[in-house]
Amino acid sequence: GDGTPAMGKRHKKTHALCPRCGKRSYHTQKKQCAACGFPATKIRSYNWSKKSKRRRAPGTGRMSYVKHIGKRFKNGFREGGAPPARKKQPAEK
């Protein structure tokens, strides 16, 4: 049958590691990832799976670029050189 004894006969891998998302969801015959949809340009995501979208949302990784955007916005996205000199405030008595 297809019960417990048949499980021991399964020894070939259908899914390998995906080059894009790193999960073991890349189908070796289809050459397509079941998790992220690689090699499709857009990353696979569906509104019927809110939890899956939450796992991949911005803020779940290092955010090496977005992390510093707030500080740069505050300073008006200035580039290069030293920051402009601050004007001294008169001391209040």
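Thresholds applied
Residues numbered from 1 in each chain as written. Predicted model: local features only at pLDDT ≥ 70, side-chain atom pairs only at ≥ 80, totals over all residues. Heavy atoms only, no water. Helix = DSSP H or I, 4+ residues; strand = E, 2+ residues; numbered from the N terminus. Buried < 20%, exposed > 50% of the residue type's maximum accessible area, 1.4 Å probe, protein only. Contact = heavy atoms within 4.5 Å. Pairing = 2+ DSSP bridges.

Bringing the environment of R78 into the picture now. The topology assignment puts R78 in the segment after helix 3 (69-74). R78 gets classed as partly exposed once you look at its relative accessible area, which sits at 45%. Taking the C-alpha atoms as reference points, R78 and C18, separated by 60 residues in sequence, lie 39 Å from one another. Other than its neighbours up to four places away in sequence, R78 contacts P83 and P84.

So, on to the sheet that holds strand 3 (residues 32-33). Read from one edge of the open sheet, 3 strands run 1-2-3, paired in antiparallel fashion. Of all strands in the sheet, those with a lone pairing partner are strand 1 (15-16) and strand 3, marking the two edges. Note: strand 1 against strand 2 (residues 26-27), 2 bridges, orientation antiparallel. Along strand 2, the bridge assignment pairs H15 with H27.

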